[in-house]
Amino acid sequence: AVPRTRILATGGASHNKKILQVLSDVFNAPVFTIDTANSACLGSAYRAIHGLVAERNVSLADVVKLAPEPKLVVTPTPGAEELYRPLLKRYADLEQKVIYNTASSC
C-alpha cells in the first residue's frame, strides 16, 4: 500500500463491517467512516471549497480541517497483504492493457 494510505468509507455499505474489512485487507489500509448524514456530499462540498480557494494556495488538507473526525472502523488482517499484493498488481496490469489497447473491440 502507499504510505499513509487510508480509506474513508461512506454510504450504505459503510455500515457493513465485513465489507469494510475486505477493503482494508485488499488495499492494506485502515478504513474510517464519518458519523454524519450525507457524508459523500460533504466530500464534494469540501472539494468545491478547495477549488474556490485554490488560487490562494490553500491545500485540501487545510480545507478539511473542520470536517468531522473520521472514526477508525477496521485495520488490515495480518498476512492479508501477502495474498492481495500480487492480485492488485495483476489487476493494475490488466487495467493498463484494456486502457491502452487501441485494437480492442471493447
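Sequence order as written defines residue numbering, which begins from 1 separately in each chain. Local features in this predicted model are restricted to residues whose pLDDT is 70 or higher, and side-chain atom pairs enter the listing and the counts only when it is 80 or higher, whereas totals over whole chains, interfaces and linings include all residues. As a rule here, side-chain values cover all heavy atoms of the structure and leave hydrogens and water aside.

Focus on the nonpolar core
Here is the rule: Only buried Ala, Val, Leu, Ile, Met, Phe, Trp, Tyr and Cys residues count toward a nonpolar core, and they belong to the same one when joined by side-chain atoms within 4.5 Å. The rule is simple: take the accessible area with a 1.4 Å probe, protein chains only, and divide by the maximum for that residue type; under 20% is buried, over 50% is exposed, in between is partly exposed. Contact between two residues is taken to exist if any of their heavy atoms lie within 4.5 Å; hydrogens are not considered.
Judged by nonpolar contacts, Ile7, Ala9, Leu20, Ala29, Val31 and Val74 together constitute the single largest core of 6 residues. Look past the residues within four positions of Leu20 in its chain and what remains in contact with it is Ala9, Ala13, Ser14, Val31, Thr33, Val73 and Val74.

Points about the packing of aromatic side chains
Put simply, the rule is: Stacked, tilted and edge-to-face pairs are distinguished by plane angle, under 30 degrees for stacked and over 60 for edge-to-face with tilted covering the rest, among Phe, Tyr and Trp rings (Trp via its six-membered ring) whose centres lie within 6.5 Å. Here, a charge over a ring means that NZ of Lys or CZ of Arg falls within 6 Å of the ring centre while also lying within 35 degrees of the ring normal.
Across all of its chains, the model carries 0 aromatic pairs by this definition. Taking NZ or CZ as reference, Arg6 lies 4.8 Å from the ring centre of Phe32, over its face.

Examining the environment of Pro70
In plain terms, the rule: Numbering of helices and strands starts at the N terminus; helices are DSSP runs of H or I of at least 4 residues and strands are runs of E of at least 2.
Residue position: Pro70 is located in the loop between helix H3 (60–63) and strand S3 (71–74). Of the residues examined, Pro70 reaches a relative accessible area of 17% and is grouped as buried. In this structure the C-alpha to C-alpha distance between Pro70 and Asp25, which are 45 residues apart in sequence, comes to 19 Å. Those residues in contact with Pro70 that lie beyond four places of it in its chain are Arg6, Leu8, Phe32, Thr33 and Ile34.

Quick look at unusual backbone geometry
Within the chain, Asn28 stands out as a residue other than glycine whose phi angle is a positive 50°. Summarising the element assignment, Asn28 is placed in the loop between helix H1 (17–27) and strand S2 (31–33). By relative accessible area, Asn28 is classed as partly exposed at 25%. Positioned with a positive phi, Asn57 is a non-glycine residue whose angle comes to about 60°. Tracing the chain through its elements places Asn57 in the loop between helix H2 (39–53) and H3. The class for Asn57 is exposed, based on a relative accessible area of 73%.

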